[in-house]
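Observations on chain architecture
One-letter residues, chain by chain:
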Amino acid sequence: MAKTKIVVIQMKELIYTAIFAGLGILLIVLLIIMFFPSREEKNKTSDASAESIYTPGVYNSQIALGDSTLNLEIVVDADQIKSVSFVNLEESVTTMYPLIKPSLSAIEEELIKGTDINDIPLSEKSKYTETLLIEGIKTALNKAVANKAALQLSERTSSL
């Protein structure tokens, strides 16, 4: 004959097991909620990518530097800045202000990387030159954003 085994489970062990199982399930649910984006977040990211930051094109601004005026040209794509350069830069200006070209190159490099215009680090050697150039770049970028708003406004009025 088979021997019958009797297993005694104490109530305390059942309670501990239920608590740990509940905590395990709660942990799994929290991890799923944290690491999988919700539908709202997916919609926000797709809406943000559909809306561009700039109107693509070439924008200019002028910077007064002593007796001369520098023409700054910025080429932007829908989402990013492609290039920043001087137009018709005279040799006399580069002779009088030797830090102007290296400063613009450093700023252009940062902008192409995707650094925000307000977060560009300024070097100690050419802090004032870079500040002047950044203000000129901001003026041109405002034209890129303002043109987009003007285009949207004209599209709305034409559809009425």
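These numbers were taken from a predicted model, which means no experiment stands behind them.

Cut-offs applied
Residues numbered from 1 in each chain as written. Predicted model: local features only at pLDDT ≥ 70, side-chain atom pairs only at ≥ 80, totals over all residues. Heavy atoms only, no water. Pairing = 2+ DSSP bridges. Helix = DSSP H or I, 4+ residues; strand = E, 2+ residues; numbered from the N terminus. Axes fitted to C-alpha atoms, helices over the stretch in contact; angles between N-to-C directions. Contact = heavy atoms within 4.5 Å. Buried < 20%, exposed > 50% of the residue type's maximum accessible area, 1.4 Å probe, protein only. Core = buried A, V, L, I, M, F, W, Y, C linked by side-chain atoms within 4.5 Å.

1. What about the pairing of strand 1 (residues 57–65)?
- Pairing analysis gives 9 bridges linking strand 1 to strand 2 (residues 68–76), with the strands arranged antiparallel. Within the sheet, the bridge partner assigned to Gly57 lies in strand 2 and is Val76.
- Hairpin remark: strand 1 followed by strand 2, antiparallel, with 2 residues in the connecting loop; positive phi at Gly66, about 65 degrees.

2. As for the sheet that holds strand 3 (residues 81–87)
- If you trace the 3 strands from one edge of the open sheet to the other, you get 1-2-3, paired in antiparallel fashion. Every other strand in the sheet has two partners, leaving strand 1 and strand 3 as the edge strands with one partner each. Neighbouring strand axes in the sheet, compared pairwise and without regard to direction, differ in orientation by 20 degrees on average.
- Contacts from helix 4 (residues 100–113) reach strand 1, strand 2 and strand 3, with the element oriented near 165 degrees to strand 3.

3. Side note on the side chain of Ser103
- Considering the arrangement of structural elements, one finds Ser103 in helix 4.
- Its relative accessible area of 2% is what places Ser103 among the buried residues.

4. Points about unusual backbone geometry
- If you check the backbone angles, Asn88 has positive phi at about 55 degrees while not being a glycine.
- Along the polypeptide, Asn88 turns up in the loop between strand 3 and helix 3 (91–96).

5. Examining the nonpolar core
- Among the nonpolar cores identified, the biggest contains 24 residues, and Ile74, Val76, Ile81, Val84, Leu111 and Ile137 are the most heavily contacted of them.
- Taken together, the elements giving at least two residues each to this core come down to strand 1, strand 2, strand 3, helix 4 and helix 5 (127–159).
- With 6 residues, the top contributor of residues to this core is helix 5.
- Not counting chain neighbours up to four residues away, the residues in contact with Val76 comprise Tyr54, Thr55, Pro56, Gly57, Tyr59, Ile81, Lys82, Leu141 and Ala144.

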